[in-house]
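Listed below, chain by chain, are the residues.
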Amino acid sequence: MSFGQWRRLIPLCLAGMRYMTVRKLFNFIRCEMECFWRMEKLESRPYSAIIEPTNICNLQCPYCPTGAGRDSGRKKTMIDVSLVESFIEQNAPYLISVNFYNWGEPLLHPKIHEIVRICHDHKVFTSLSTNLNIRNLDILDKVCRAGLDHMVVSCSGATQDVYEIYHRDAKMDTLLAGLKYLKEYKKRNQAKVPIVELHYILFKHNLHQLDAASDLAREYGVTAFRVMDGTGPEEAAIGKRDDPKYILADVNHCHQLWHLVVLNADGGITPCYYLYYKTDDFGDFSVSDMSQLRNDRSYLMARQLFSPKSAGNLPPDLSHPCLKCEKVHNQKHLLEYLKKNENATQAHRTGGP
Ligand code: SF4
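Participant: I'd like to hear about the packing of aromatic side chains, residue by residue, with values.
Facilitator: Aromatic ring pairs are reported here in terms of the distance separating the ring centres and the angle at which the planes meet. On inspection of all chains with the given rule, the structure shows twelve aromatic pairs. Ring centres of Tyr63 and Tyr166 lie 5.7 Å apart, and the angle between their planes is 35°; on these two criteria the pair is classed as tilted. A residue pair is termed long-range when its members are at least 10 positions apart, and Tyr63 in the loop between strand E1 (48-51) and helix H3 (81-91) and Tyr166 in helix H6 (residues 160-166) qualify at 103 residues. A ring pair is formed by Tyr166 and Phe203, whose centres lie 4.7 Å apart and whose planes are at 40°; its orientation type is tilted. Note that Tyr166 is positioned in helix H6 and Phe203 in the loop between strand E5 (195-202) and helix H8 (210-219), a separation of 37 residues in sequence. Of the two residues, Tyr166 and Phe203, neither departs from the other in class, the shared state being buried. One aromatic cluster is present, formed by Tyr63, Tyr166 and Phe203 through successive ring pairs.

Here is the structure:
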């Protein structure tokens, strides 16, 4: 079963504190206050970012839109390293953490180590989420040496036959070789990072291997083993869709519109990791800068949806990606507005189960 939930927090906090500055702390407090007061036009900058190295994946997990082959309207690409450089130069003085994942496998980017290095050198905490089905251990070595702080590895079985039911095309041997490499790398270099977590994606079909997977995680020296409920159709998922724990963490507010920014592999900017389609982008980082994008119309309109005092100013026929989101549909002050706006149909933001 799960272990290391708390034990992981100490090294994570210590690693994160290494990068904290007075300016970041001041920006964090300012951002939290602006979020608390649901302000629309912001003075603060995002203190957390997701950079998507690539939207290509090597596996075909059926309930992931990328794995299922759902067309997002974006070209399949690797992010341009110079775009990352420019993004980090603009945002690093405020950023506490950068996560490398969104809708693709980050370790497929041939220069992922350079991307990690850029963030690390700008004193930002780095985290990467991977399926670790990468035969090229050299890239893993380079990423570790670039200063990666945290790595999340996803898996869904303890034996090949069960693992490949969800992680289609994945090989258990490759995953274990990667975990072994990480264990040995840390031992060889007496390194505290990357802190490695194994996330077990739980479905009905792999429930019986939970203990065996937890034992494997201990054997391979991971810091924490966590059980994550897989999303999927009713016949596959353990939980029910209307169970409160399956609804987005804070259903009454969207913190992400204030504290987070997502840089997609094609340069598109989205406010959160739920928005998958190109048409839902809030802007394009390759043609604008962050200070401009942060208070652009898409952002202002989205924050306005969460502000009871400004909701009366919303255009009656507003068309906006956030109008699909259950967080917006949970805003009591919008009930009448949403009934009248034909664009406000609640739907899954990735089009998936
Ligand atoms: S889609 Fe939902 S979670 Fe994402 S920014 Fe809009 S309101 Fe927030």
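So, next bit.
Participant: Residues and numbers for the packing of helix H5 (residues 137-145) against helix H7 (residues 172-189), please.
Facilitator: Two elements in contact, H5 and H7, have axes whose closest approach is 11 Å; the angle formed by their N-to-C orientations is 40°. When the axis of H5 is compared with that of H7, the two are oblique. You can see that H5 and H7 cross each other, and the crossing is right-handed. Note on element contacts: H7 touches H5 through Ala177, Gly178, Tyr181, Leu182, Tyr185, Arg188 and Asn189, opposite Leu137, Leu140, Asp141, Cys144 and Arg145. Here the contact of H5 with H7 is built from residues that sort into seven nonpolar, two polar and three charged.

Participant: Explain the pattern of salt bridges residue by residue, including any values.
Facilitator: Scanning all chains against the criterion turns up eleven salt bridges. Between Asp266 and Lys278 there is a salt bridge, with the nearest N and O atoms lying 3.0 Å from each other. Of this pair, Asp266 sits in the loop between strand E7 (260-263) and strand E8 (268-270) while Lys278 sits in the loop between E8 and strand E9 (283-284); the two residues are twelve residues apart in sequence, bridging distant segments of the chain. When its relative accessible area of 19% is taken as the criterion, Asp266 is described as buried.

Participant: Outline the site of the ligand, listing residues and values.
Facilitator: As a matter of local geometry, the ligand sits amid eleven residues, with Cys254, Cys272, Tyr274, Cys322 and Cys325 nearest to it. The site holding the ligand turns out to be the largest cavity.

Criteria and thresholds
Residues numbered from 1 in each chain as written. Predicted model: local features only at pLDDT ≥ 70, side-chain atom pairs only at ≥ 80, totals over all residues. Heavy atoms only, no water. Phe/Tyr/Trp six-rings, centres within 6.5 Å; stacked < 30°, edge-to-face > 60°. Helix = DSSP H or I, 4+ residues; strand = E, 2+ residues; numbered from the N terminus. Buried < 20%, exposed > 50% of the residue type's maximum accessible area, 1.4 Å probe, protein only. Axes fitted to C-alpha atoms, helices over the stretch in contact; angles between N-to-C directions. Parallel < 35°, antiparallel > 145°, perpendicular 65-115°, else oblique. Left-handed = near helix turned anticlockwise from the far one by under 90°. Contact = heavy atoms within 4.5 Å. Nonpolar A, V, L, I, M, F, W, Y, C, P; charged D, E, K, R; others polar. Salt bridge = Lys/Arg side-chain N within 4 Å of Asp/Glu carboxyl O. Near = heavy atom within 4 Å. 1 Å grid on protein atoms, 1.4 Å probe; cavity = no way out; pocket = protein on both sides within 12 Å on 5 of 7 lines; lining within 4 Å. Sits in = over half its atoms within 2 Å of the grid points.

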